[in-house]
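Understanding the architecture of this molecule
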Amino acid sequence: DAGVTQSPTHLIKTRGQQVTLRCSPISGHKSVSWYQQVLGQGPQFIFQYYEKEERGRGNFPDRFSARQFPNYSSELNVNALLLGDSALYLCASNRGAGGQYADTQYFGPGTRLTVL
Amino acid sequence: AQTVTQSQPEMSVQEAETVTLSCTYDTSESDYYLFWYKQPPSRQMILVIRQEAYKQQNATENRFSVNFQKAAKSFSLKISDSQLGDAAMYFCAYRSEYGNKLVFGAGTILRVKS
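**Digging into the interface of chain B and chain A**
Listed per partner, the contact involves 20 residues of chain B and 29 residues of chain A. In total, chain B and chain A occlude about 1,900 Å² of area from one another, counting both sides; carbon and sulfur atoms represent 47% of this. Applying the counting criterion to the chain B and chain A interface returns zero salt bridges. Linking chain B with chain A are eight residue pairs in polar contact (both at pLDDT 80 or more). Of all elements in the fold, only β5 (32-39), β6 (46-52), β10 (88-96) and β11 (102-104) of chain B reach the threshold of two or more residues within the side of chain B that touches chain A. Considering each element in turn, the side of chain B that touches chain A owes the most residues, four residues, to β5(B).

Following this line, the structure appears as structure tokens:
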């Protein structure tokens, strides 16, 4: 089975622009989570979507938004980009909503966003 | 809020030797899940091993094993017979019993010398 896929691989934007990142989960996985990984740090949780509904949100400003489609793929949008948004954005998928389901999250290769 | 601490920014090990990476966490929950993920320079995050807090037995996956000390809130990873391909950044992560959010530590860079 194909793993989690993300597009694009790399992206360069300027301050104030908007960006959309895309993620396709593993077949059969209904949950998608987004993480931001700044260079030299561990990933920080941004969002989780399950069955097209937001199930969790991290401590990120409203400039960050996401959605999930009927085929369970997901998009992460970031508006009014700041230099500090430069990071590796990781998408992870798993079967359930979380909680006692206890299933593992599998990560995609990430999208490297550079804001100039 | 839960926190995860990895106190070793960098570790080195000789090929075929054993190395242990440390992780401590803070939580008030009694049931939760702990993970070790590996991130090579290619940056794909790969699951190494997982541990359910309600299980007393330490998890093992081939050359990888953990030492889970619930009372001490400690979760260390032991890599036996280290190989060059083990060189990567290793992240310890915590997940609550409820919810899907992973809380990661800052990571430990593992270098393997031939």
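The rest of the description comes next.
**Points about the state of the cysteines**
All names here are of chain A. In the structure shown here, the tally under the stated rule is two disulfides over all chains. The disulfide bridge from C23 ends at C91, spanning 1.8 Å between sulfur atoms. Judged by the torsion about the S-S bond (-60 degrees), the C23/C91 disulfide is left-handed. Here C23, found in strand β3 (residues 19-24), pairs with C91, found in strand β9 (residues 87-94); they are 68 residues apart in sequence, far enough to count as distant. Of the two residues, C23 and C91, both sit in the buried class.

About the thresholds
Residues numbered from 1 in each chain as written. Chains lettered and ligands numbered in written order. Predicted model: local features only at pLDDT ≥ 70, side-chain atom pairs only at ≥ 80, totals over all residues. Heavy atoms only, no water. Contact = heavy atoms within 4.5 Å. Buried area = accessible area lost by both parts, 1.4 Å probe. Salt bridge = Lys/Arg side-chain N within 4 Å of Asp/Glu carboxyl O. Polar contact = N/O pair within 3.5 Å; in protein donor to acceptor, adjacent residues only side chain to side chain. Helix = DSSP H or I, 4+ residues; strand = E, 2+ residues; numbered from the N terminus. Disulfide = S-S within 2.5 Å. Buried < 20%, exposed > 50% of the residue type's maximum accessible area, 1.4 Å probe, protein only.

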